Amino acid sequence: MPTYFRFLTIMAFHVFIQEKVDVAIIEVGIGGQYDCTNIVRNPIVCGVTSLGIDHTGMLGDTLDKIAWHKAGIFKPNVPAVSVHQPKDGMEVLKDRAKEISCPLFLAPNLDAYDWKSRCVELGIPGVHQQLNASLALQLCHFWIKDHKLGIVDRQKFYRDWRGGGDGDGGSVVKGRCLTVSAAMAAGLHKCVWPARSQKLSGPGITYYLDGAHTAESLQLCADWFNVETSKEAKSTSGNPFVRVLLFNMTGDRKPESLLRCLLSCHFDCAIFCPNILNRSKENSDLMNLTVTEKSQTQRCEENRRIWFQLHSEYSQTNASSLNVSRSLHPFQDHKKFNGSLNLDKSDDPFILSSNRETSLMPIFAFNTILESLFFVSRGQDPRIKVPSDLGISTPPPCLQVAHHAQVLCVGSLHLVGGILSILDPTVCES
């Protein structure tokens with residue numbers, strides 16, 4: 001039997017063929033060169049999004065090594081488009097394009113397109129999404145232009161094009177600054193992607209969901225969260241609000257590099273939990289059976305410990321910025337919480353640990369996603385139902401006093417997917 005992801009890939013191709021789809025968009029699983037999706041010999045066009053450090057055990061621990069794997073999807077005389085990349089990554093993409101005889105294009109900045117006086121409004125928020133939008137426009141342009149040509153004619157066109165010197169010699173050619181039609185603009189505006197810069201509201205709470213799980217994407221996520229929460233805070237009319245981190249991570253990623261990106265968010269409380277939806281384990285589709293519960297809870301504890309260390313260091317060296325943050329949070333006085341709440345694991349089996357070692361921030365680790373959400377929502381969100389005998393402990397003062405909670409759920413697509421299945425089940429059903 002193939003591995004789970006390979007099975008899904010085979011099934012996807014089978015369904016696409018059976019349904020006679022007009023166009024198939026295939027996203028690589030890990031890397032590119034040796035990924036099981038990399039079996040399409042003559043695609044219309046290939047694309048490369050922003051490179052980041054991830055899956056280092058398989059792809060390498062530097063951007064140039066990772067870029068080598070990513071460029072493995074390039075095909076001879078098939079155009080490839082990349083967004084702007086760091087210099088070392090782009091050099092590898094250019095070298096591999098030359099080696100493979102692949103014409104390589106660079107997606108222009110989104111504001112370089114001809115929008116015909118239309119406002120640029122993307123359905124997915126975040127400045128970084130402008131790179132993805134430009135790449136999408138370029139890929140669509142090549143597909144519309146080339147998909148009706150036969151394989152032989154397409155390859156001859158790009159072979160002749162390279163022979164003319166436009167895209168040979170390891171160079172990268174700037175993509176066309178297209179005229180954006182009304183249909184294209186509408187497509188970008190209506191585009192939604194669950195768990196990518198997504199906001200969901202509940203009673204006295206806003207959940208900020210993002211599946212970011214690399215240092216680069218987490219930094220962009222932190223920027224987005226800071227901008228959006230500041231906007232929301234202005235509408236609270238001076239009422240106290242609290243910023244909460246709900247985090248988990250998987251694989252061989254390093255907690256230090258990821259969590260450090262989130263320190264600038266000035267959280268008032270941090271919660272860590274494994275990617276276990278609930279205690280009943282009734283939804284097997286959301287369970288990762290290749291990882292034991294013990295290893296997940298151990299990772300959760302490690303994340304909590306590392307966050308405590310990072311936050312303690314950050315608090316000591318950035319006292320001035322924290323004072324500014326407190327002036328923006330009307331109630332914020334972390335010293336009021338001194339670990340006096342009775343939250344020891346021995347007293348409460350549903351909490352893995354408490355923050356008895358710190359007076360700066362309440363830090364908790366729970367056994368399941370459901371318990372974490374019930375805790376951070378203070379039991380006020382009707383979508384989050386737990387057994388009456390579960391006995392979730394009393395939230396810390398910062399959560400009790402707050403008029404509104406702003407919760408960033410981030411670090412793992414599995415975590416955010418589990419949260420979505422509770423807060424918006426229709427997403428999973430559709």
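Notes on the structure follow. Since this is a predicted model, take the numbers as computed values, not measurements.

Reading the values: rules and limits
- Residues numbered from 1 in each chain as written.
- Predicted model: local features only at pLDDT ≥ 70, side-chain atom pairs only at ≥ 80, totals over all residues.
- Heavy atoms only, no water.
- Helix = DSSP H or I, 4+ residues; strand = E, 2+ residues; numbered from the N terminus.
- Polar contact = N/O pair within 3.5 Å; in protein donor to acceptor, adjacent residues only side chain to side chain.
- Core = buried A, V, L, I, M, F, W, Y, C linked by side-chain atoms within 4.5 Å.
- Buried < 20%, exposed > 50% of the residue type's maximum accessible area, 1.4 Å probe, protein only.
- Contact = heavy atoms within 4.5 Å.
- Expected span 1.5 Å × (residues − 1).
- Axes fitted to C-alpha atoms, helices over the stretch in contact; angles between N-to-C directions.
- Parallel < 35°, antiparallel > 145°, perpendicular 65-115°, else oblique.
- Left-handed = near helix turned anticlockwise from the far one by under 90°.
- Nonpolar A, V, L, I, M, F, W, Y, C, P; charged D, E, K, R; others polar.
- Pairing = 2+ DSSP bridges.
- Salt bridge = Lys/Arg side-chain N within 4 Å of Asp/Glu carboxyl O.

**Some details on the environment of K385**
Position of K385 among the secondary structure elements: in the loop between α12 (369-376) and α13 (397-401). Distance from K385 to L373, taken between C-alpha atoms, is 9.5 Å for residues 12 residues apart in sequence. Separated by 2.6 Å, the side chain of K385 and the backbone oxygen of P382 make a polar contact.

**Some points on unusual backbone geometry**
Apart from glycine, the bulk of residues carry a negative phi angle, and the bulk of peptide bonds sit in the trans form. Positive phi, close to 55°, is recorded for K20, a residue that is not glycine. At A195, a position not held by glycine, the phi torsion is positive, near 75°. Residue position: A195 is located in the loop between α7 (182-190) and β5 (198-202).

**Description of the nonpolar core**
Counting residues in each nonpolar core, the largest one holds 33 residues, and the members touching the most others are Y207, V407 and I419. Those elements that provide at least two residues to this core are β6 (205-209), β7 (241-247), β8 (269-272), β10 (363-366), α12, α13, β11 (404-410) and α14 (413-423). If you tally residues by element for this core, the top one is α14, at 6 residues. Beyond its immediate sequence surroundings of up to four residues, I419 is in contact with L209, L246, I369, L373 and C409.

**A look at helix α5 (residues 129-146)**
When the terminal C-alpha atoms of α5 are compared, their 26 Å separation across 18 residues agrees well with the 26 Å that a helix rising 1.5 Å per residue should span. Those residues of α5 that fall on the buried side of the exposure criterion are Q129, A133, S134, L135, L137, Q138, H141, F142 and D146.

**Here's the deal with the packing of α12 against α14**
At a closest axis distance of 10 Å, the pairing of α12 and α14 adopts a crossing angle of 65°. Classified by the angle their axes make, α12 and α14 are roughly perpendicular. The crossing of α12 and α14 is right-handed. Residues I369, L370 and L373 of α12 form the contact with α14, whose participating residues are L415, G418, I419 and I422. Tallied by class, the residues present in the contact of α12 with α14 amount to 6 nonpolar, 1 polar and no charged.

**Some points on α14**
Among the 11 residues in α14, 8 count as buried, and that is most of the element. For α14, the set of buried residues is L415, V416, G418, I419, L420, S421, I422 and L423. Capping the start of α14, S412 holds a side-chain oxygen 3.1 Å from the backbone nitrogen of H414, two or three residues further along.

**Considering the sheet that holds strand β3 (residues 104-106)**
The sheet built from 4 strands is open, its strands ordered β1-β2-β3-β4 with parallel pairing. If you trace the sheet from one side to the other, it starts and ends with β1 (46-48) and β4 (173-174), each paired once. Here β1 pairs with strand β2 (residues 80-82) via 3 bridges, running parallel. Its bridge partner lying in β2, V48 is registered against S82. Sheet contacts for α5: β1, β2 and β3; angle to β2, the most-contacted strand, approximately 170°.

**Let's talk about the pattern of salt bridges**
Tallied over the full model, the rule gives 11 salt bridges. With a closest N to O distance of 3.8 Å, E228 and K231 form a salt bridge. Of the two residues, E228 and K231 both sit in helix α8 (residues 215-233), 3 residues apart, roughly one turn of that helix. Under the relative-accessibility criterion, K231 is labelled exposed at 53%. E302 serves as the salt-bridge partner of R299, at 3.6 Å between the closest nitrogen and oxygen. Of the two residues, R299 and E302 both sit in helix α10 (residues 293-317), 3 residues apart, roughly one turn of that helix. Through salt bridges with shared partners, one network takes in K199, E228 and K231.

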